[in-house]
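# Structural overview for review
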Amino acid sequence: MKEERKTSETDIKLALNIRGTGKYQFDTQIPFFEHMLSHVSKHGLIDLDLWLRGDIEIDCHHSVEDTAILLGASIHKQLGDKAGIRRYGHYTLTMDEVLTTVAVDLGGRYFYKYTGPELTGKFGIYDAELSLEFLQKLALNAKMNLHVVVHYGDNRHHIHESIFKALGKALRMAIEIDPAAGGAIPSTKGVLE
């Protein structure tokens, strides 16, 4: 599914398959952001092709934020009525000295919470706190609960990688079709938004 978003600050073209094989291709002008998105794609088995141009001469904020808005909305759209999905997903990931847990609920209601060390500093032109902006806007536009807990860790790069890898794994679990569900919508209400 191909989606586009164009504003005075960004121009984005996104091709997404939430039930893919983990193939990705990026042209964003933000190398660290591409590195993080590659983990979501690879570990979530989500095919992701992203072309992005933004006002990075100012900073990367609008580019990262608008990508999260489009990606979240596209995930929500592809889930449709959510019949047969597992709905919930969680993953605890270790990466060297870091331990991170990500849990999601694709039930149609937004909530986001990050617990862990303050994300500061830069990775090239990418401000570390943009990862939190990305996660919040992704959750808002995918209409999901997203809880991220970095239990402990020291290396800034490892902390970021662990978050995005665990996000991919948790999304993969939640998006999966549950063969035992028989195509039912995973809610006692009989409907998910």
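Refer to the structure presented above.
A brief structural summary. (Residues numbered from 1 in each chain as written. Predicted model: local features only at pLDDT ≥ 70, side-chain atom pairs only at ≥ 80, totals over all residues. Heavy atoms only, no water.)

## Regarding the overall build of the protein
What counts here: By the criteria applied, helices consist of DSSP H or I runs no shorter than four residues and strands consist of E runs no shorter than two, each listed in order from the N terminus. Put simply, the radius of gyration uses C-alpha atoms, and a globule should come to 2.2 Å times the residue count raised to 0.38. Burial status follows relative accessibility: with a 1.4 Å probe on protein chains alone, a residue under 20% of its type maximum counts as buried, one over 50% as exposed, and anything between as partly exposed. By definition in these notes, contact holds between two residues if any of their heavy atoms fall within 4.5 Å. Residue burial considers only the protein chains on display, and all accessible areas are found by Shrake-Rupley using a 1.4 Å probe.
Counting its secondary structure elements, the protein contains four helices and 10 strands. Here the C-alpha radius of gyration of the protein, 16 Å, is about what a compact globule of 193 residues would show, namely 16 Å. Taking the principal axes of the C-alpha coordinates as reference, the protein spans close to 50 × 40 × 25 Å. Within the span of the protein, comprising 193 residues, buried residues form 51% of the whole. The contacts in the protein between residues at least 6 apart in sequence include a share of 77% that link residues at least 24 apart. When the accessible surface of the protein is totalled, it reaches about 8900 Å², and 53% of it is carbon and sulfur.

## Some remarks on helix H3 (residues 130-142)
Keep this limit in mind: In this analysis, the expected span of each helix is defined as 1.5 Å times one less than the number of residues it contains.
Taking 1.5 Å of rise per residue, the 13 residues of H3 would be expected to cover 18 Å, and the 18 Å separating its terminal C-alpha atoms lies within 8% of that figure. Counting buried positions along H3 gives 10 out of 13 residues, so the element sits mostly inside the fold. Turning to H3, its buried residues are Leu130, Ser131, Glu133, Phe134, Leu135, Gln136, Lys137, Leu138, Ala139 and Ala142. Elements in contact with the buried residues of H3: helix H1 (31-44), helix H2 (61-79), strand S7 (111-115), strand S9 (126-127), strand S10 (145-152) and helix H4 (156-175). Positive phi appears at Lys143, one or two residues downstream of H3, with a value of about 55°.

## Notes on H4
Spelled out, the test is: Definition of a polar contact: a pair of N or O atoms within 3.5 Å, with one able to donate and the other able to accept a hydrogen when the atoms are protein atoms, and with sequence-neighbouring residues admitted only if both atoms are side-chain atoms.
In a regular helix each residue adds 1.5 Å, so 20 residues correspond to 28 Å; H4 covers 29 Å between its end C-alpha atoms and thus fits that length. Counting buried positions over the 20 residues of H4 gives 15, a clear majority of the element. In this structure Asn155 caps H4, since a side-chain oxygen of it lies 2.9 Å from the backbone nitrogen of His157.

## As for the packing of aromatic side chains
The condition is simple: Planes of paired rings set the category: under 30 degrees apart is stacked, over 60 is edge-to-face and the rest tilted, where pairs are Phe, Tyr or Trp rings (Trp by its six-membered ring) whose centres lie within 6.5 Å.
The final tally for this structure, using the stated rule, is six aromatic pairs. On the basis of an interplanar angle of 5° and a centroid distance of 4.0 Å, the ring pair of Phe32 and Phe123 is categorised as stacked. Of the two residues, Phe32 sits in helix H1 while Phe123 sits in strand S8 (residues 122-123), which places them 91 residues apart along the sequence. Overall, Phe32 belongs to the buried group, its relative accessible area being 8%. Judged by its relative accessible area of 14%, Phe123 falls in the buried class. Taking the centre distance of 6.2 Å and the plane angle of 20° together, the rings of Phe33 and Tyr126 count as stacked. On the criterion of sequence distance, the pair formed by Phe33 in helix H1 and Tyr126 in strand S9 is long-range, its members being 93 residues apart. Accessibility classification places Phe33 together with Tyr126 in one group, the buried group. One aromatic cluster is present, built from ring pairs that chain together Phe32, Phe33, Phe123, Tyr126, Phe134 and Phe164.

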